[in-house]
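Listed below are the residues making up each chain.
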Amino acid sequence: MSSNADRGQKIVENILKSPGNNNCVDCGALDCLWASTTLGCFVCIRCSGFHRNLGVHISRIKSVQLDRWTDSDCLNLERYGNIKVANMYAINKPDIYQHPTKDSPKMLIEHWIRAKYEWREFHAETTQVPVYLKGVKSGTLLKKGKERGCWLPRHFMLDRLNNTISYYDKASTAGQKLLGQVNLKECYVLLTDENIVTKPNCLHILYPKGRLMRSIYVCANSVREPLKEIIEWYYAIRSFQTQLGYARNCVSTVFESYLFKTPAEGKGAWRRRWCILVADRILYYKNIMDPFPKGEVKLSKDDKCEKLHNLPKYVKNGPDYTFTLSTKNRTYFWGVQSEETCTQWIKCIDAVQSEMCE
């Protein structure tokens, strides 16, 4: 390695030690060993992939440890750094727009990075707020059918007159038929994990229908920019709910995974269920993307959730890791196949109960 490259390596390693540079500028993760020489910031390995997708004309990524560094590669890093870049590219971020964390869904982080650097929606020189962040949105999305499960095009719009999400059989007003409405006061909108559902860039809209929570799944109809379309819908709905005073519906802490569950009081065989923790309840489904859950558990601040090391004698042997949720009326036994998932469920339930006490 040349002396020039040695000097460049030492320079970039010293810059990395400056305040703010060891946390990813986009998601806050620690140990940032990748850098954008064009933007002048440090990122984690996950976000570095999204930066590469922007193209080198926007963000040229290099490894702090594996690549050779020249003096010119370090110029923007010396000039800016993470704190200045964050202030420059995210200074006009509206409060409704979430700042992703290292645990955020892939499409939320990807959109955040593209919105910052490619579309420059929150840049210091950008004064106009994007229309979707004003709670205004309409367009065609693919909706999963309740009975057959087919994905059909439906025209969706945020109905500011009735405070609903309304969807129709077609976009043209001539002969247009209203197929359904979702009350924004009572609904939750969630981003789905693309590793779980059968469609990428998908939204999960939950709302009460009768005694149960109805699920609607919609995905982008755009071929060119599916990610942009679905994230804009996500934030348009959240923004509209906030304007109407329903900010509590804008839940950000949601956990979902398969759990094994027993019938009442642990008496019976363990059954595998798809479970979603949203707001103040756990919904459990027979299959992922079912329109209605098999049931739900309403949480209260007095419920007790704890990890089990040994099952009671009357409960059949089940998964390796189990925890209980003791409510006023019943004790629920849940099982998982990894200790990490077990800990995450208990942690998320505790977080929900802590919010109830505030």
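Thresholds, definitions, all that
- Residues numbered from 1 in each chain as written.
- Predicted model: local features only at pLDDT ≥ 70, side-chain atom pairs only at ≥ 80, totals over all residues.
- Heavy atoms only, no water.
- Pairing = 2+ DSSP bridges.
- Helix = DSSP H or I, 4+ residues; strand = E, 2+ residues; numbered from the N terminus.
- Axes fitted to C-alpha atoms, helices over the stretch in contact; angles between N-to-C directions.
- Buried < 20%, exposed > 50% of the residue type's maximum accessible area, 1.4 Å probe, protein only.
- Polar contact = N/O pair within 3.5 Å; in protein donor to acceptor, adjacent residues only side chain to side chain.
- Parallel < 35°, antiparallel > 145°, perpendicular 65-115°, else oblique.
- Contact = heavy atoms within 4.5 Å.
- Nonpolar A, V, L, I, M, F, W, Y, C, P; charged D, E, K, R; others polar.
- Left-handed = near helix turned anticlockwise from the far one by under 90°.

A. Here's a closer look at the sheet that holds strand S1 (residues 34–36). On the basis of which strands lie adjacent, the open sheet formed by three strands has the order S2-S1-S3 and antiparallel pairing. In this open sheet, the two edge strands, each paired with only one partner strand, are strand S2 (41–43) and strand S3 (61–63). This sheet shows a mean twist of 35° between the axes of neighbouring strands, independent of strand direction.

B. Spotlight on the environment of Gln241. Secondary-structure assignment places Gln241 in helix H6 (residues 226–243). With relative accessibility at 0%, the residue Gln241 sits in the buried group. Considered as a pair, Gln241 and Leu184 are 57 residues apart in the sequence and their alpha carbons are 6.3 Å apart. Here Cys187 takes part through its backbone oxygen, which lies 3.0 Å from a polar atom of the side chain of Gln241.

C. Representation of the packing of helix H5 (residues 106–118) against H6. Look at H5 against H6: their axes get within 10 Å of each other, and the N-to-C directions meet at 100°. Of the possible angle classes, the one that applies to H5 and H6 is roughly perpendicular. Within the contact between the two elements, H5 uses Met107, Leu108, Glu110, His111 and Arg114 and H6 uses Leu227, Lys228, Ile230, Ile231, Glu232, Tyr234 and Tyr235. Split into classes, the residues belonging to the contact of H5 with H6 amount to seven nonpolar, one polar and four charged.

D. Structural view of the packing of helix H2 (residues 45–54) against H5. At a minimum axis separation of 10 Å, H2 and H5 run at an interaxial angle of 50°. Between H2 and H5, the crossing angle belongs to the class labelled oblique. Every pair of crossing elements has a handedness; the one defined by H2 and H5 is right-handed. Contacts between H2 and H5 involve Arg46, Cys47, Phe50, His51 and Leu54 from the first element and Lys106, Ile109, Glu110, Ile113, Arg114, Tyr117 and Glu118 from the second. Considering only residue class, the contact of H2 with H5 consists of six nonpolar, one polar and five charged.

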